[in-house]
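Summary of the model geometry
Chain by chain, the residues run as shown.
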Amino acid sequence: MDEHLYIVAYDIADPRRWRKVFKLMNGYGAWVQLSVFQCRMNRRRQAQLLARLDRLIDHKADHVVLVDVGVADTTNPRVTSLGKPFHPLKREPVIV
């Protein structure tokens, strides 16, 4: 399926837009911290997320960063985490 692991971080200036971005991101990955998610996505899903974020944010006031960590099934990200442990997202069945 060629999914990559992404870290998505954002700084949204307006609380209403921030909530919309947060809700959108919940549908794409796992919440890591306040404005940070980790996501497993193929290219189509990543492009879909970028298009949706592009429509939500204010390009003059907000900032979104997607970091491609690598192929999700073969990458072993080296993460230093203080407090709660960080676990890379594993492929799991989705029940709709």
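Heads up: the structure comes first, above all this text.
Residues numbered from 1 in each chain as written. Predicted model: local features only at pLDDT ≥ 70, side-chain atom pairs only at ≥ 80, totals over all residues. Heavy atoms only, no water.

Another point: the overall build of the protein. Within the protein, the secondary structure is distributed over two helices and four strands. Residues counted as buried form 29% of the 96 residues belonging to the protein. For the protein, the share of sequence-separated contacts (at least 6 apart) that also reach a separation of at least 24 residues comes to 72%. Of the roughly 7,100 Å² that the protein leaves accessible, carbon and sulfur atoms contribute 53%. (Helix = DSSP H or I, 4+ residues; strand = E, 2+ residues; numbered from the N terminus. Buried < 20%, exposed > 50% of the residue type's maximum accessible area, 1.4 Å probe, protein only. Contact = heavy atoms within 4.5 Å. Areas by Shrake-Rupley, 256 points an atom, 1.4 Å probe, with all protein chains shown as cover.)

Time to look at the packing of aromatic side chains. Ring pairs (aromatic) are described by centroid distance and by the angle formed between their planes. For the structure on display, the rule yields five aromatic pairs. Taking the centre distance of 5.2 Å and the plane angle of 15° together, the rings of Trp 18 and Phe 22 count as stacked. Of this pair, Trp 18 and Phe 22 both sit in helix 1 (residues 15-26), four residues apart, which is roughly one turn of that helix. Of the residues examined, Trp 18 reaches a relative accessible area of 21% and is grouped as partly exposed. By relative accessible area, Phe 22 is classed as buried at 18%. An aromatic cluster is present here, built from Tyr 10, Trp 18, Phe 22, Trp 31 and Phe 37 joined pairwise through their rings. For Arg 45, the ring lying beneath its charged end belongs to Tyr 28, and the centroid distance is 4.1 Å. (Phe/Tyr/Trp six-rings, centres within 6.5 Å; stacked < 30°, edge-to-face > 60°. Lys NZ or Arg CZ within 6 Å of the ring centre and 35° of its normal.)

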